[in-house]
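Summary of structural features
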Amino acid sequence: MLKVGVLGAGHLGKIHLRLLNQSEKYELVGFYDAFEENANKVAAEFGYKKFDSIAELIAAVDVVDIVTPTMQHFDCAKQVIEAGKHIFIEKPISNTVAEAEEIIALANKYNVKGQVGHVERFNPAFTAVKDKINNPMFIETHRLAEFNPRGTDVPVVLDLMIHDIDAILSVVKSKVKSINASSVAVISDSPDITNARIEFENGCVANITSSRISMKNMRKSRFFQKDAYISVDYLDKVCEIVRMQDAPEVPGDFDMILQNAEGVKKQIYFDNPNVQANNAILDELETFADAINNNTTPIVTLEDGTEALRVAYQIIDCMNK
């Protein structure tokens, strides 16, 4: 079991503490939170060991789970890596792309592993179909949330849309060619709703909408590719594949057949992959333990987190223009 400590005991930090405490792959040593009142409350309520400094926590563990506000990610990651300890770091990886690139350079220099907390990669609806997503040419995503003051200090691109940016980059094996975007700040000082159109060099187009001022929650993506349409509902954890294949010469009574203008007939059939229930946060933490113990590449690398952040800032720059 890897000894692990958590930096940050806010809303998400407490979830990480609980799951790490349950995990059979980690030994939770304790946590550090800069807000003394909150740290004392968490220690008293849950019994986790409270450290008085980041340095003391780092010295006691093999892995540090960074769940602090984004502004603090770089400074925390730098201290952890320079001590030779592995890092799990919540998304976004850091506040700027330059900081993210330095985190990568430091991890390579000190030979430590790092993983970024893009949790939707572990959503069972996505993992059930990811291997079936093959060269998509059009992608449409909607990530809509009811208003919550928590997180409104950053643009919705960094708060919500970055989840879909990362998922898209993981299945589109091509470089970004161009980006167009528009946004509106309705309630907050920063944009609350944004639409971005990303064009890739291979011709794929991704149309992404994210909002934190919607009347209902929605987290859906649709992937269109040759002879197939794949839908993923991250919220309800369901997925569907609609495939096209050459129609049989003698269709069955219940076969769905389409015929195009050229007279070509295709059969439509539906596939609902089996979605295995899981805890995505626990899975991302435990697969990182596996990567450390087996000396393999983490599922969401520091480079992945950096690319998602880079594209997010390209979208923000486009909005600002």
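Bear in mind the structure is a predicted one, so any value in this text is a computation, not a measurement. (Residues numbered from 1 in each chain as written. Predicted model: local features only at pLDDT ≥ 70, side-chain atom pairs only at ≥ 80, totals over all residues. Heavy atoms only, no water.)

A short note on the UniProt feature "domain: GFO/IDH/MocA-like oxidoreductase" (unreviewed entry) in the protein chain
Test applied: UniProt positions are given in the numbering used here, feature names are shortened, and annotations may be inferred rather than shown by experiment. Only DSSP runs of H or I covering at least 4 residues are called helices, and only runs of E covering at least 2 are called strands; the numbering of each starts at the N terminus.
Following the UniProt record, the feature "domain: GFO/IDH/MocA-like oxidoreductase" (unreviewed entry) maps to residues 156-216 here. Taken end to end, residues 156-216 comprises 26% helix and 39% strand; its first and last C-alpha atoms sit 16 Å apart.

With respect to the side chain of S211
Quick note on the threshold: N or O atoms within 3.5 Å of each other form a polar contact, as long as, within protein, one can give a hydrogen and the other can take it, and as long as residues adjacent in sequence are counted only when both atoms are side-chain atoms. What makes two residues a contact is simply this: any of their non-hydrogen atoms within 4.5 Å.
With respect to the helices, strands and loops of the structure, S211 is situated in strand β9 (residues 205-211). At 3.0 Å, the side chain of S211 forms a polar contact with the side chain of S214. Non-local contacts of S211, meaning those with residues more than four positions away in its chain, are made with R143, L144, A145, V156, L160, D192 and I193.

Details of the sheet that holds strand β3 (residues 63-66)
Note on sheets: strands pair through backbone hydrogen bonds, and any given pair is parallel or antiparallel. Formally: Here, strands pair whenever DSSP counts at least two bridges between them. Here the axes come from fitting lines to C-alpha atoms, over the contacting stretch only for helices, and the angles between their N-to-C directions go from 0 to 180 degrees.
Pairing is parallel across the open sheet formed by 5 strands, whose spatial order is β2-β1-β3-β4-β5. The open sheet has two edge strands, β2 (26-32) and β5 (114-117), and neither has a second partner. Across the sheet, the axes of successive neighbouring strands diverge by a mean angle of 20°, strand direction being ignored. Docked against the sheet, helix α9 (residues 302-320) engages β4 (86-90) and β5, running at close to 40° with respect to β5.

A closer look at the pattern of salt bridges
Test applied: When a carboxyl oxygen of Asp or Glu lies within 4 Å of a side-chain nitrogen of Lys or Arg, that pair is called a salt bridge. Relative accessibility thresholds used throughout: buried, under 20% of the residue-type maximum; exposed, over 50%; partly exposed, between the two (1.4 Å probe, protein chains only).
All chains considered together, the criterion is met by 15 salt bridges. Residues E101 and R310 are paired through a salt bridge, measuring 3.2 Å at the closest nitrogen-oxygen approach. Of this pair, E101 sits in helix α5 (residues 97-110) while R310 sits in helix α9, and the two are 209 residues apart along the sequence. Given the relative accessible area of 38%, E101 is considered partly exposed. Taking the shortest distance from any N to any O, the salt bridge between D159 and R212 comes out at 3.9 Å. Here D159, found in helix α7 (residues 156-171), pairs with R212, found in the loop between β9 and β10 (218-225); they are 53 residues apart in sequence, far enough to count as distant. Comparing D159 with R212 shows no difference in burial state: the two are buried. Because the salt bridges share partners, they merge into one network encompassing E120, R143, D164 and R219.

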